[in-house]
Each structure stands twice: as structure tokens, then as C-alpha cells.
Amino acid sequence: MKIINVVLGRFQLVHEGHLALFKKASENDSELHILVGSADKSRNVCNPFTFKERQKMIYKAYNDSIPYYLKLKNIISIPDFETDTKWLDCIATNIQSLKLYYDYPALTVRLITCKKDDKTANYIDLIKDAKIFDAVIEVEPYLENGKVISATDNRKEFFTNTSAFEKSSCFW
């Protein structure tokens, strides 16, 4: 059986929590594909970085931290849509393309995601309900100094305190 793992996120700053997900998704000879959401959004407080900038951050974090034989296979852009249905259709189309590309009889495509709090868990529920992936695996959040890393907090730090940010767990 061949396993492809997918990690989905905005990666509006790539941090140690993302890297922990990448490592988990690269275990057991699995291939990793990353879907970057809000790929068409940038240069605002919530989405300061372009897709290309985030792609570079992901490659840097991954290649600096994970053994060469577990190389990342693909980073795919996923734009925002005006409805959840269109967003899910876009994800489903990309996953179907992966399945067609590999054309492997016993292919399993899994989403590896971090357990989210009630405010942000909605998208995981939407994906589960749409049955886009063969499995959705939720892992415990990565903790830094006993606290869940927050990309929102990291962005605030990035814009307000550059010297502290340079010592943070972000890959910039």
C-alpha cells in the first residue's frame, strides 16, 4: 500500500508547530504534499506573505530540519473562495489529481492536521464531512514552553518587535 500524507494550512509564518506536522506526515515512508490555503491573499495583517514567500519558508524549514530521504514532494496553492463548497471542490480536485498521477491500486491519501480549538475546527469538520481524504489524522498541538504556538501571535510579534521575533521559532 502506498500512503500520501497531506498537510493543509495558510503558513502565515511557518513555525515549529508546522514543522512537527511535516515530520509526522513524513513518517513511515509516506510522501508529503502541502496545500497552502489563502494562496491568493497577501500583504495584509492576517496574510502578510505571498504564496511564493510561504513556499520558500516551507522549503527552508523542511530542508533544514528533516532528513534528505524524507523529501517533500509538492507544495500546492489553494486560493480562497466565496463559499466553503467551492473551497472544498478545489481541495478535492487537487487530491483527485494526486490519485490520478500516482495511479496506484492501493493508494491512501490522508490529511494530517493539528487538533484545533472550537473556533478553528470548522474547516476540519467540513473536510471530514466531504470525505475528500481516505483518513483525517489529528495530532496534538506542538507546545513551546508549555503553550500552543499561535501564528496569530507570531505575526503580531513580527510586526511589533523584530528583535524578539528573530529569536522565535519561526522560519523566516
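The coordinates are above.
Reading the values: rules and limits
Residues numbered from 1 in each chain as written. Predicted model: local features only at pLDDT ≥ 70, side-chain atom pairs only at ≥ 80, totals over all residues. Heavy atoms only, no water. Helix = DSSP H or I, 4+ residues; strand = E, 2+ residues; numbered from the N terminus. Contact = heavy atoms within 4.5 Å. Areas by Shrake-Rupley, 256 points an atom, 1.4 Å probe, with all protein chains shown as cover. Core = buried A, V, L, I, M, F, W, Y, C linked by side-chain atoms within 4.5 Å. Buried < 20%, exposed > 50% of the residue type's maximum accessible area, 1.4 Å probe, protein only. Expected span 1.5 Å × (residues − 1). Arc of directions from axis to C-beta. Pairing = 2+ DSSP bridges. Axes fitted to C-alpha atoms, helices over the stretch in contact; angles between N-to-C directions. Phe/Tyr/Trp six-rings, centres within 6.5 Å; stacked < 30°, edge-to-face > 60°. Left-handed = near helix turned anticlockwise from the far one by under 90°. Nonpolar A, V, L, I, M, F, W, Y, C, P; charged D, E, K, R; others polar.

## Things to note about the overall build of the protein
Here's step 1: Within the protein one finds 6 helices and 7 strands.
Here's step 2: Taken from N to C terminus, the helices and strands of the protein fall in the order β-α-β-α-β-α-β-α-β-β-β-α-α.
Here's step 3: When contacts within the protein are restricted to residue pairs at least 6 apart in sequence, long-range pairs at least 24 apart make up 72% of them.
Here's step 4: When the accessible area of the protein is evaluated, it comes to approximately 9,600 Å², of which 49% is carbon and sulfur surface.

## Re the nonpolar core
Here's step 1: Of all hydrophobic cores here, the largest spans 25 residues; its most connected members are V7, F11, F22, L32, I34 and I58.
Here's step 2: Elements supplying a minimum of two residues to this core: helix 1 (16–25), strand 2 (31–36), helix 2 (51–65) and strand 4 (107–114).
Here's step 3: No other element matches helix 2, which puts 5 residues into this core.
Here's step 4: Residues in contact with F22, not counting those within four places in the same chain, are V7, F11, V14, L32, I34, I58, Y62 and I66.
Here's step 5: In this structure, V6, C90, I127 and F133 belong to the second largest nonpolar core, which totals 19 residues.

## Notes on unusual backbone geometry
If a residue is not glycine, its phi is most likely negative; likewise, a peptide bond is most likely trans.
Here's step 1: A positive phi angle, close to 50°, is found at S38, a residue other than glycine.
Here's step 2: Considering the arrangement of structural elements, one finds S38 in the loop between strand 2 and helix 2.
Here's step 3: Positive phi is not limited to glycine here, since K131 has a value of about 55°.
Here's step 4: With respect to the helices and strands, K131 occurs in the loop between helix 4 (122–130) and strand 5 (135–139).
Here's step 5: Here K131 falls in the exposed class, since its relative accessible area comes to 67%.

## Quick word on helix 3 (residues 84–102)
Here's step 1: Taking 1.5 Å of rise per residue, the 19 residues of helix 3 would be expected to cover 27 Å, and the 27 Å separating its terminal C-alpha atoms lies within 8% of that figure.
Here's step 2: Taken together, the buried positions of helix 3 are W87, L88, C90, I91, N94, I95, L98 and Y102. Viewed end-on, helix 3 has its buried residues packed into an arc of 160°, placing them on one side of the element. Facing away from the buried side of helix 3 by over 90 degrees, the exposed positions are T85 and L100.
Here's step 3: Elements in contact with the buried residues of helix 3: strand 1 (2–9), strand 2, strand 3 (74–77), strand 4 and helix 4.
Here's step 4: Just downstream of helix 3, D103 is the residue with a positive phi angle, here 40°.

## Examining the sheet that holds strand 3
Here's step 1: The 5 strands are arranged 3-2-1-4-5 in an open sheet whose pairing can be described as parallel. What marks the edges here is a single partner per strand, and that holds for strand 3 and strand 5. Going from strand to strand, the sheet's axes swing by 25° on average, the running direction of each strand aside.
Here's step 2: In the sheet, strand 2 pairs with strand 3 via 4 bridges, with the strands oriented parallel. Bridge assignment links L35 to a residue of strand 3, and that residue is I76.
Here's step 3: Set on the sheet, helix 1 makes contact with strand 1, strand 2, strand 4 and strand 5; between it and strand 4 the angle comes to about 155°.

## Side note on the packing of aromatic side chains
To describe a pair of aromatic rings, one takes the distance between the centres and the angle between the planes.
Here's step 1: Within this structure, the stated rule accounts for 4 aromatic pairs.
Here's step 2: Plain terms: the ring middles of Y101 and Y102 are 5.0 Å apart, the flat faces sit at 90° to each other, and that makes the pair edge-to-face.
Here's step 3: On the basis of relative accessible area, Y101 is assigned to the exposed category, the value being 65%.
Here's step 4: Among the aromatic residues, those joined into a ring-pair cluster are F11, F22 and Y62.

## Thoughts on the packing of helix 3 against helix 4
Here's step 1: Their axes nearest at 11 Å, the elements helix 3 and helix 4 cross at an angle of 65°. Where helix 3 crosses over helix 4, the handedness of that crossing is right-handed. Residues D84, W87, L88 and I91 of helix 3 touch helix 4, and the partners they reach there are Y123, L126, I127 and A130.
Here's step 2: By residue class, the composition of the contact of helix 3 with helix 4 is 7 nonpolar, no polar and 1 charged.

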